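This is what each chain is made of:
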Amino acid sequence: RRVRAELLRWGVDAEDSAGEPLSASPIGTLARLAIAYAASKIEVADLAALLTHPLLRLGLSREDVARRAALLEIGLLRSASAAGCLAERIVGEPSALIAAARDEADSTFAHPAKKRISAEEWASLEDLLSRLGAQFAPLLNLRGKLTLYRWVAAHRDTVEAIAGAEGDGLESEDREALDDLFDELMQNAPDRMTFDVESYGLFFAAVAREIILRGAMRAHPRLKILGLLEARLIDADVMLLGGLDETVWPPQARADAFLNRPMRAALGLTPPERKLGQTAHDFAQAMGKGKVILSRARKRDGAPVVASRFLQRMAALGDEKWKACRERGDFYLRLARAIDRPPPVPALNERPLPRPP
């Protein structure tokens, strides 16, 4: 995930063979935010997170939603009138909520940014709240414990109402996967399975996490992120081997709490070290490519890690040739560090000597 996110700085999307869960896709994230928004009865934090999602449309253009969202945060969300749950006020009477925020903006001690909001902009914020209340009504009107079918139907109607059209930046694969999930849940929903809004949100997130999307539609044709199994079957001009740390590559040999080594041997099961040998074989195969870059992390989760035993063996036997490899690798490290290095700030030659009148 970090490699893909870093490549997006240059507009490069690399296909990951492991895929991406539906819950982490753009439309899956919007569906989870919609449930969190309904479960909190429209708390300020959940409303702000929802409005910043790139697929939220509410029947408007994305640029219009982003502009109104910034105004809404200044004019309403950062005011005393937005304290507590906003569900009943947004669904029932958004004009009263905007009127209270306008009165607060006209007070003597209001922030200057609130005073600069024009009457037309206040009207656009009232329209935004009206759209939110109308399109979230299927979810917000449900109360108590209800069947799975009713929750899924209301959830589906809400997501279809607030999201953009399929050709409006919404990936068709994500849309189809979410539609298939809703169809499957509605067809197999037993009447005895009931949820409240919080438990349904947890249930939906857990189920969506198990659906893996693998069709990278806008992926780069020559860049791929592969696991060890897929990498055995491919030939590449440049092969980058990442994660060469102990317990990662090779993995840590784990002893079973119920079957020790003699018992595994008696049952004809493979020893725990077999996976270690398999990863050593994968490493040797990958090292046979034309150009290979070896990479490891100095820290994982804030803790130092030990270099892979494969690297340690090469360093022990390579001597001067290994040092030459390290020097060639330092070139790429310097490039990576130079990307985020700020330009040098010239030092002042003389000490400032202010002389006020």
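Position labels on residues start from 1 in each chain and follow its written sequence. Residue-level local features of this predicted model are given only where pLDDT is at least 70; pairs of side-chain atoms are given and counted only at 80 or more, and the full residue set underlies all totals for whole chains, interfaces and linings. Excluding hydrogens and water, the side-chain values take into account all heavy atoms of the structure.

Caption draft 1: Fine view of the environment of G277. In this text, helices come from DSSP runs of H or I with a minimum length of four residues, and strands from runs of E with a minimum of two, each type numbered from the N-terminal end. Position of G277 relative to the elements: it lies in helix α15 (residues 274–286). Accessible area is worked out with a 1.4 Å probe on protein chains only. A residue is then buried under 20% of its type maximum, exposed over 50%, and partly exposed in between. For G277, a relative accessible area of 38% corresponds to the partly exposed category. Note: C-alpha distance between G277 and P251 (26 residues apart in sequence) is 9.9 Å.

Caption draft 2: Main features of the confidence of the model for the protein chain. Averaged over all residues, the pLDDT of the protein chain is 88; the fraction at 70 or higher stands at 94%. Taken element by element, the protein chain is modelled with least confidence in helix α5 (residues 87–92), mean pLDDT 68, and with most confidence in helix α12 (residues 197–209), mean pLDDT 95. Predictor confidence is given residue by residue as pLDDT, running from a minimum of 0 to a maximum of 100.

Caption draft 3: Geometry of the pattern of salt bridges. By definition, a salt bridge exists where a carboxyl oxygen of Asp or Glu is found within 4 Å of a side-chain nitrogen of Lys or Arg. Under the counting rule described, the total for this entry stands at 20 salt bridges. Between R232 and D282 there is a salt bridge; the shortest N-O distance is 2.7 Å. With R232 in the loop between α13 (228–231) and β7 (238–241) and D282 in helix α15, this pair connects stretches of sequence that are 50 residues apart. For D282, a relative accessible area of 5% puts it in the buried group. When the shortest N-O distance is used, the salt bridge between R261 and E273 registers 2.6 Å. Placement of the pair is R261 in helix α14 (residues 261–266) and E273 in the loop between α14 and α15, with a sequence separation of twelve residues.

Caption draft 4: Representation of the environment of L202. Tracing the backbone shows L202 in helix α12. Taking C-alpha positions, L202 is 34 Å from W249, a pair spaced 47 residues apart along the chain.

Caption draft 5: View of unusual backbone geometry. The residue after W249, namely P250, is reached through a cis peptide bond having omega 10°. Here the phi dihedral of L58 falls at roughly 60°; this positive angle occurs in a residue that is not glycine. With respect to the secondary-structure elements, L58 resides in the loop between α3 (44–51) and α4 (62–77). One non-glycine residue, D319, adopts positive backbone phi at about 55°.

Caption draft 6: Seen up close, helix α10 (residues 148–162). In this scheme, a helix's expected span is set at 1.5 Å multiplied by one less than its residue total. With 15 residues, α10 extends 21 Å between its outermost C-alpha atoms, agreeing within 8% with the 21 Å of an ideal straight helix rising 1.5 Å per residue. For α10, the full list of buried residues reads L148, W151, V152, A154, H155, R156, T158, V159 and I162.

Caption draft 7: Looking closely at the packing of aromatic side chains. Ring pairs shown here join Phe, Tyr and Trp side chains whose ring centres sit within 6.5 Å, with only the six-membered ring taken for Trp; geometry is labelled stacked below 30 degrees between planes, edge-to-face above 60, and tilted in between. Counted under the stated rule, the structure contains nine aromatic pairs. Between Y37 and F136, the ring centres sit 4.3 Å apart and the planes meet at 55°, which makes this aromatic pair tilted. Separated by 99 residues along the polypeptide, Y37 in helix α2 (residues 26–39) and F136 in the loop between α8 (119–135) and α9 (137–140) bring together distant segments of the chain. Its relative accessible area of 0% is what places Y37 among the buried residues. Both rings, one in F182 and one in F204, keep their centres 6.0 Å apart while their planes meet at 20°; by these two values the pair is stacked. Taken together, the residues span a long stretch of sequence, with F182 in helix α11 (residues 172–187) and F204 in helix α12 at a distance of 22 residues. Aromatic rings pair up to connect W151, F182, F195, Y200, F203 and F204 into one cluster.

Caption draft 8: Just the side chain of R68, in detail. Within the fold, R68 resides in helix α4. In protein, a polar contact requires one atom able to donate a hydrogen and another able to accept it; more generally it is a pair of N or O atoms within 3.5 Å, and residues adjacent in sequence count only if both atoms are side-chain atoms. In this structure the side chain of R68 is engaged in a polar contact, spanning 2.8 Å, whose partner is the side chain of D127. Contacts between residues were defined by any pair of non-hydrogen atoms, one from each residue, lying within 4.5 Å. Dropping the residues within four chain positions of it, R68 is found in contact with L60, S124, L125, D127 and L128.

Caption draft 9: Main features of the packing of α2 against α12. For helices, the fitted line uses only the C-alpha atoms of the stretch in contact; every axis is such a line through C-alpha atoms, and the angle between N-to-C directions lies from 0 to 180 degrees. Where α2 meets α12, the closest approach of the two axes is 9 Å, and the angle between their N-to-C directions is 165°. Here α2 is positioned roughly antiparallel relative to α12, judged by the angle of their axes. Seen from above, α2 lies across α12 with left-handed handedness. Between α2 and α12, the residues in contact are A31, R32, I35, A38 and A39 and V197, E198, Y200, G201, F204 and A205, respectively. Charged means Asp, Glu, Lys or Arg here, nonpolar means Ala, Val, Leu, Ile, Met, Phe, Trp, Tyr, Cys or Pro, and polar covers whatever is left, Gly included. Counted by class, the contact of α2 with α12 contains eight nonpolar, one polar and two charged residues. Working rule for angles: under 35 degrees goes down as roughly parallel, over 145 as roughly antiparallel, 65 to 115 as roughly perpendicular, anything else as oblique. Two helices cross in a left-handed way if the nearer one is turned anticlockwise from the farther one by less than a right angle. They cross in a right-handed way if the turn is clockwise.

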